Amino acid sequence: MNLTLTLQSLISGIMMGAVYALLGIGFSLTWGVMRVINVSHATFGLLSAFVSYSLFKTFGIDPIASLVLTLPAMFGLGCIIYWLLINPITRAKAVIVSSMILTFGIAIILENLILLMWGADPRLLTTSYTNKVYVIGPLYFQYPRLLGFVMALVGVSAVQFFLKRTLTGKAVRAAWQQPEASQLCGINLKKISMITFGVAIACSGAGGVGMAMLYSFEPHSHNLWLIYLFLVVIVGGVGNILGAAAGGMIIGIITGLSMAFMPYQWVNLLTFGLLMVILVIRPQGLFQSEV
Amino acid sequence: MAHGNDRSGFYRVKLILVGIIFVLGVYPWLAPPVYFISFAFNVLTYITLATSWNIIGGYTGYLSFGHVAFFGIGAYATAVLGARLDLGPALVILASLPAGVVSALVAVVIGYPCLRLRGPYFAVITLCFAFVTELTVRNLDFLGGADGLWIKGLAMPIETSRSIFFELMLVLTVVCLSSAHWIETSRFGAGLRAIREDEEVAQTMAINTPKLKIMAFAVSAFFPGVAGGIYACYLTYIHPDIVFDVNISILIVLMALFGGGASWVGPLVGATLLTFVNEGLSTFVKAEFARIIYGCLFIIVIIFMPNGIVEFLKNLIVKRRLRTKFVKNKSSQLLS
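Residues numbered from 1 in each chain as written. Chains lettered and ligands numbered in written order. Predicted model: local features only at pLDDT ≥ 70, side-chain atom pairs only at ≥ 80, totals over all residues.

### Considerations on the overall build of chain B
When its secondary structure is counted, chain B shows 15 helices and 2 strands. Computed over the C-alpha atoms, the radius of gyration of chain B is 22 Å, within 12% of the 20 Å expected from 2.2 N^0.38 for a compact globule of 336 residues. Taken along its principal axes, the extent of the C-alpha atoms in chain B is 85 × 55 × 40 Å. Expressed as a percentage of the 336 residues in chain B, the buried residues total 45%. (Helix = DSSP H or I, 4+ residues; strand = E, 2+ residues; numbered from the N terminus. Rg over C-alpha atoms; globule rule 2.2 N^0.38 Å. Buried ≥ 20, exposed ≤ 12 C-beta atoms within 10 Å, placed from the backbone.)

Written out as structure tokens, the structure reads:
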């Protein structure tokens, strides 16, 4: 095995993994806090990727800068979706399963809206710095991957800060641990759930832009992203933000290495097989679940 | 309601069903246009798929999002068996039966570890299983890879061959529906319902839940396998994109849930209605709009009729009946 190649794919794996983690924390949050498996999470990320693509193409706004616009928009969208669609089913007997089917419907609608608006062609976010590379010794650091990595670091730490240090974040955690008791303490469960959902969708928006900088994307890409989401969250443990971050890194490293040393068509097979094996052996995740 | 009355009602329903089956059996020999035979064939295929999905998804409460894998396995097993044993065009269809058995065996092997997972985990792992099977088939050269496989077609006019396949699918559908009905009324079905309601309690009641679950999974994989075999012979060409299409998985789930998962009537009604809707939509509007409407259906089903359209309508009728009864009583009271 070539040492430089291994190191190189390890580094790019970590950088990809950080973006997976950014995409995954929101998914983990809704699953853990609200018992809602948002299958359309990746589709929201894809939507924000397409929006920032259009903003870049028509107005020349840099994808990172356009996050200032897209993140609040995604937050608002998440709140609206929660209020209209998720809230009515939170009292159902099997919230998890019904939420899966419901959000499946949302995913189908969003995917086809994207298809109608942007067409089925694969897109690539080609900015002025896409091909720029830092060279340190024999190793290459591609600029967009570095940016995605930094973005993911900032995003994950922001969500972690929000959950651990702010009052609203503490309320979110309280609502997860003791729904009834937290209401007794004056926490408005509906409002907290809405904020959680909004934050989750905003995270998916940021993650989607990150993914768009790494890969080409098309209206169907969210299916593959969804599998990565499940992998990240199940490896990291449901509801565990730092676990999801670590899970993202692990998955990134595995895909990075397998992309370097395996024929391309087997990489996805390995990913899906890995998810099946992990689900069978340790469905509660590799790390201790905690809020 | 008196017992005798109930029974006569049951016989009436049975008589109507036999009549419908008879009419359907005669239907292709009335020489309708080929399009209508193909359409009826599709309806029957989806009824079979949704009904067999319902055995694991509806009765047992284990939502399998990868049922299309069994359909595809059946199709490929039939094609490979036919090619390996060098069966003639007429005999290839018979290979769909062992293909169904292959599907059921795969279900047993997969189900043994997977059925220990519950709720969302089971849904995810079955979805993954469907992707894994598709990718494996796509990358194996002796299965035709990305080029697909050809199957020898029947050397006769298209109307006749389509009619034959229609009749075969009709037989399969009837067998599938009656098995579903039998399961529903049997001890086996009662055990499955117990698992759906509360698996721990079922276990303490000495129900052998792992065995029952695997049996249910195998039965619900057998019928899609056979259907896949018939479908492969009907198309004479199979490709991973066609027989492993994830949309079929999703459609099956939607059909069964739309109709209602508690009884065999639900998937029957759901599949029939949605295939008609699908056909209507795909001829009159753009495919994207059709799929958007599908997505809306998912949401409507979950929010407004979580028990399916059959239960929803039944409740409506019961409510109306109660209301008229109440109003009548009140008016008669007023009169007296």
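From this point, things continue past the structure.
### Side note on the overall build of chain A
Helices and strands together make up the secondary structure of chain A, namely 11 helices and 2 strands. Taking 19 Å as the expected radius of gyration for a compact globule of 291 residues, we find that chain A reaches 19 Å, a close match to that expectation. Reported as C-alpha extents along the three principal axes, the dimensions of chain A are approximately 60 × 45 × 35 Å. For chain A, the proportion of its 291 residues judged to be buried stands at 51%. By sequence separation, contacts in chain A at least 24 residues apart represent 80% of the contacts at least 6 residues apart. (Contact = placed C-beta atoms within 7 Å.)

### Let's talk about helix α2 (residues 41–59) of chain A
Its 19 residues place the ends of α2(A) 27 Å apart at the C-alpha level, agreeing with the 27 Å of an ideal helix rising 1.5 Å per residue. Phi for A:Gly60, located one or two positions after α2(A), is positive at around 70 degrees. (Expected span 1.5 Å × (residues − 1).)

### Structural notes on the pairing of strand β1 (residues 133–136) of chain A
As defined by bridge partners, β1(A) adjoins strand β2 (residues 139–142) of chain A across 4 bridges and the pair is classed as antiparallel. Residue A:Val133 lies in a different strand from β2(A), and its bridge partner there is A:Gln142. (Pairing = 2+ DSSP bridges.)

### Observations regarding the interface of chain B and chain A
The partner chain A presents 32 residues to the 30 residues of chain B that form the contact. Looking at the side of chain B that touches chain A, the elements with two or more residues in it are α5 (96–114), α6 (119–139), α12 (246–259) and α14 (287–304) of chain B. Per-class residue counts for the side of chain B that touches chain A are 24 nonpolar, 4 polar and 2 charged. (Nonpolar A, V, L, I, M, F, W, Y, C, P; charged D, E, K, R; others polar.)

### Observations concerning α5(B)
Residues that lie three or four places apart on an α-helix share one face, since the helix turns once every 3.6 residues. With 19 residues, α5(B) should cover 27 Å at 1.5 Å per step; its first-to-last C-alpha distance of 26 Å lies within 8% of that length. In this structure, the buried side of α5(B) is in contact with α11 (264–281) of chain A together with α3 (68–84), α6 and α10 (209–235) of chain B.

### Here's the deal with the confidence of the model for chain A
Across chain A, the average pLDDT comes to 86, with 98% of residues at or above 70. Taken element by element, the predicted model of chain A shows its lowest mean pLDDT in β2(A) (79) and its highest in α2(A) (92). (pLDDT = per-residue confidence, 0-100.)

### Side note on the packing of α2(A) against helix α8 (residues 189–214) of chain A
Residue and element names in this part refer to chain A. One way to put it is that α2 packs onto α8 with a least axis distance of 7 Å and a crossing angle of 60 degrees. As far as their axial angle goes, α8 and α2 are oblique. Once α2 is placed against α8, the crossing between them reads as right-handed. Between α2, through His41, Phe44, Gly45, Leu46, Ser48, Ala49, Ser52 and Tyr53, and α8, the contact on the second element is made entirely by Ile201, Ser204, Gly205, Gly207, Gly208, Val209, Met211 and Ala212. Of the residues in the contact of α2 with α8, the class split is 8 nonpolar, 8 polar and no charged. (Axes fitted to C-alpha atoms, helices over the stretch in contact; angles between N-to-C directions. Parallel < 35°, antiparallel > 145°, perpendicular 65-115°, else oblique. Left-handed = near helix turned anticlockwise from the far one by under 90°.)

### Examining the nonpolar core
Ranked by size, the top nonpolar core spans 196 residues in total, and within it A:Ala21, A:Leu22 and B:Ile230 carry the most contacts. Apart from the residues lying within four places of it in its own chain, the contact partners of B:Ile230 are B:Ile93, B:Ser96, B:Phe165, B:Leu168, B:Met169 and B:Leu172. (Core = buried A, V, L, I, M, F, W, Y, C linked by C-beta atoms within 7 Å.)

### Some points on unusual backbone geometry
The phi angle at B:Ala206 is positive, at roughly 65 degrees, despite the residue not being glycine. Here B:Ala206 is to be found in the loop between α9 (199–204) and α10.

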